[in-house]
Amino acid sequence: MLAADPALAEEFARTHKLARDPRVTRLGSWLRSWSVDEIPQVINIVLGDMSVVGPRPVVREELARYRDAQDLVLSVKPGLTGLWQVSGRNRLSYEARIRLDSWYVRNWTPWLDLRIFFLTIPAVRTRRGAALGGGEGAGHGPDTEAREEQAVPRGPGAEDVAGDRRQERHER
């Protein structure tokens, strides 16, 4: 599929996701858009294998992209939600995801977790940045960019993430 469509291949190389994944059915698209597909991870939280907030789980095939940040990100439990989700999810490059995950681990506080948790509610409600598949667009409200800017971390590396967002908005 990726070999036959250069645009899909480029998108997957950049984000490791497809915003309009042709393999996703209408039901799957609805489940993804409302993040219902994340519910089974609650079992992992109850079992103590995951946290409510933290870097998203990384599949083995994607670990190489984390380079020097591998050990840092793997040093904490993965989360059901995290800084990447409330900062734009699939609208951000994979490199921005890595920087956000790394920044989160280096700068963790209980207050940061609370902020991310409460920012998750509108992100899920508006479906902002969700990879919907099935040919639907991501949920973007008129104030999406303003809310994303509020979620930009402040500190080392934060300018890189904000720069990525400006570049991605310019490319749209």
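Residues numbered from 1 in each chain as written. Predicted model: local features only at pLDDT ≥ 70, side-chain atom pairs only at ≥ 80, totals over all residues. Heavy atoms only, no water.

Asks: Before we move on, can you summarise a nonpolar patch on the surface with the specific residues and values?
Replies: A cluster of nonpolar residues, Val-52, Trp-111, Leu-114, Phe-117, Phe-118 and Ile-121, forms a patch on the protein surface that exposes about 630 Å² of accessible area. The biggest single contributor to the nonpolar patch is helix α7 (residues 110-126), with 5 residues. Counting through the fold element by element, Phe-117 comes out in helix α7. Under the relative-accessibility criterion, Phe-117 is labelled partly exposed at 38%. (Patch = residues over 30% accessible without salt bridge, like charges linked within 9 Å, V, L, I, M, F, W, Y side chains within 5 Å. Areas by Shrake-Rupley, 256 points an atom, 1.4 Å probe, with all protein chains shown as cover. Salt bridge = Lys/Arg side-chain N within 4 Å of Asp/Glu carboxyl O. Helix = DSSP H or I, 4+ residues; strand = E, 2+ residues; numbered from the N terminus. Buried < 20%, exposed > 50% of the residue type's maximum accessible area, 1.4 Å probe, protein only.)

Asks: Quick rundown of the nonpolar core? Include the residues and the values.
Replies: The biggest cluster of nonpolar side chains holds 12 residues, and these are Val-53, Leu-83, Trp-84, Val-86, Leu-92, Ala-96, Leu-100, Trp-103, Tyr-104, Val-105, Leu-112 and Ile-116. Of all elements in the fold, only α5 (83-86), α6 (94-106) and α7 reach the threshold of two or more residues within this core. For Ile-116, the contacting residues outside a window of four places in its chain are Val-53, Thr-81, Gly-82, Leu-83, Val-86 and Tyr-104. Counting residues in hydrophobic clusters, the runner-up holds 7 residues, among them Tyr-66, Ala-69, Tyr-94 and Ile-98. (Core = buried A, V, L, I, M, F, W, Y, C linked by side-chain atoms within 4.5 Å. Contact = heavy atoms within 4.5 Å.)

Asks: Hey, could you go over the pattern of salt bridges for me, with residue numbers and the actual values?
Replies: Between side chains of opposite charge, pairing is possible as soon as their charged atoms come close. Per the counting criterion, the structure on display carries 3 salt bridges. With a closest N to O distance of 2.8 Å, Arg-65 and Glu-95 form a salt bridge. Remark: Glu-95 occurs in helix α6 and Arg-65 occurs in the loop between β1 (51-53) and α4 (70-74); sequence separation between them is 30 residues. What emerges from the salt-bridge pattern is a single network uniting Glu-62, Arg-97 and Asp-101.

Asks: Give me the lowdown on the environment of Tyr-66, citing residues and values where you can.
Replies: Position of Tyr-66 among the secondary structure elements: in the loop between β1 and α4. The residues contacting Tyr-66, other than those within four sequence positions of it, are Val-58, Val-73, Tyr-94, Arg-97, Ile-98 and Asp-101. Here Arg-97 takes part through its side chain, which lies 3.4 Å from a polar atom of the side chain of Tyr-66. (Polar contact = N/O pair within 3.5 Å; in protein donor to acceptor, adjacent residues only side chain to side chain.)

Asks: Can you explain the environment of Ala-123? Please cite residues and give values.
Replies: Take Ala-123: it is sitting in helix α7. A C-alpha to C-alpha distance of 8.3 Å links Ala-123 and Gly-88, two positions 35 residues apart in sequence.

Asks: Tell me what's going on with the side chain of Arg-97, and back it up with residues and numbers.
Replies: Relative to the helices and strands, Arg-97 resides in helix α6. Accessibility expressed as a relative area gives 4% for Arg-97, which makes it buried. Each residue touching Arg-97, except ones within four places of it in the same chain, is listed here: Arg-56, Pro-57, Val-58, Glu-62, Tyr-66 and Trp-84.

Asks: An account of helix α2 (residues 26-33) is requested, with residue identities and associated values reported.
Replies: Taken as a whole, α2 has its buried residues at Gly-28, Ser-29 and Ser-33. Here the buried residues of α2 occupy an arc of 130° about the axis, which is enough to place them on one side. Once α2 finishes, Ser-35 follows within two positions and takes phi at roughly 60°, a positive value. (Arc of directions from axis to C-beta.)

Asks: Residues and numbers for the packing of aromatic side chains, please.
Replies: Two aromatic rings are characterised by how far apart their centres lie and by the angle between their planes. On inspection of all chains with the given rule, the structure shows 2 aromatic pairs. Ring centres 6.0 Å apart and planes at 90° place the aromatic pair Tyr-66 and Tyr-94 in the edge-to-face group. With Tyr-66 in the loop between β1 and α4 and Tyr-94 in helix α6, the pair connects residues that are 28 residues apart, well separated along the chain. Note on Tyr-94: relative accessible area 1%, which makes it buried. With centroids separated by 5.3 Å and ring planes inclined at 80°, the aromatic side chains of Phe-117 and Phe-118 adopt a geometry described as edge-to-face. The ring of Trp-84 carries the charged tip of Arg-97 above its face, separated from the ring centre by 4.8 Å. (Phe/Tyr/Trp six-rings, centres within 6.5 Å; stacked < 30°, edge-to-face > 60°. Lys NZ or Arg CZ within 6 Å of the ring centre and 35° of its normal.)

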